[in-house]
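An overview of the molecular structure
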Amino acid sequence: GVAKDKRGFLQTNQQLQIFKESNAHQDPEPLQNVYAMGDCAQIKDHFLPATAQVGRQALRQIISLIFEKSGRESTGCLSRQSPIRKGFRSCTATV
């Protein structure tokens, strides 16, 4: 399973990787190549408002991570024609 907070938000690290479910005595471990952003996720021990600006920053971060893992360079562009932008319809994505 995945870690959630008391409100039901998916718990992520600073790189927006979802944590595996763990007991209270263990430090959570992130799932490799599994990210969450938007209204369904919160960075562990940080509160971020559910605004478009925060969502756009998270999307840029995830896009950069995906490009980095694929060995390609990201331009950071989120044009309307971008296939990545068109593909983001859910709050989680795996690489």
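Residues numbered from 1 in each chain as written. Predicted model: local features only at pLDDT ≥ 70, side-chain atom pairs only at ≥ 80, totals over all residues. Heavy atoms only, no water.

1. What to know about the pattern of salt bridges
Summed over all chains, the structure comprises two salt bridges. The partner of Arg-7 in a salt bridge is Asp-5, with the nearest N and O atoms 3.1 Å apart. The residue Glu-29 makes a salt bridge to Lys-20 at a minimum N-O spacing of 3.5 Å. The class of Lys-20 is partly exposed, set by a relative accessible area of 33%. (Salt bridge = Lys/Arg side-chain N within 4 Å of Asp/Glu carboxyl O. Buried < 20%, exposed > 50% of the residue type's maximum accessible area, 1.4 Å probe, protein only.)

2. Quick look at the confidence of the model for the chain
Across the chain, pLDDT averages 76, with 76% of residues at or above 70. Model confidence for the chain, summarised as mean pLDDT per element, is weakest for strand β5 (residues 92–94) at 41 and strongest for strand β2 (residues 17–19) at 93. The model gives residues 78–95 a pLDDT under 50, and that stretch makes 32 contacts with residues more than four places away or in other chains. (pLDDT = per-residue confidence, 0-100. Helix = DSSP H or I, 4+ residues; strand = E, 2+ residues; numbered from the N terminus. Contact = heavy atoms within 4.5 Å.)

3. Things to note about the environment of Gly-38
Within the element layout of this structure, Gly-38 appears in the loop between β3 (30–36) and β4 (41–43). Residue class for Gly-38 comes out partly exposed when judged on its relative accessible area of 38%.

4. Digging into the nonpolar core
Leu-16, Tyr-35, Met-37, Ile-43, Ala-58, Leu-59, Ile-62, Ile-63, Leu-65 and Phe-67 together form the largest nonpolar core, which totals ten residues. If one sorts the elements of this core by residue count, helix α1 (residues 52–70) sits on top with six residues. If you look at the next biggest cluster of nonpolar residues, it comprises seven residues, including Ile-18, Leu-31, Val-34 and Ala-36. (Core = buried A, V, L, I, M, F, W, Y, C linked by side-chain atoms within 4.5 Å.)

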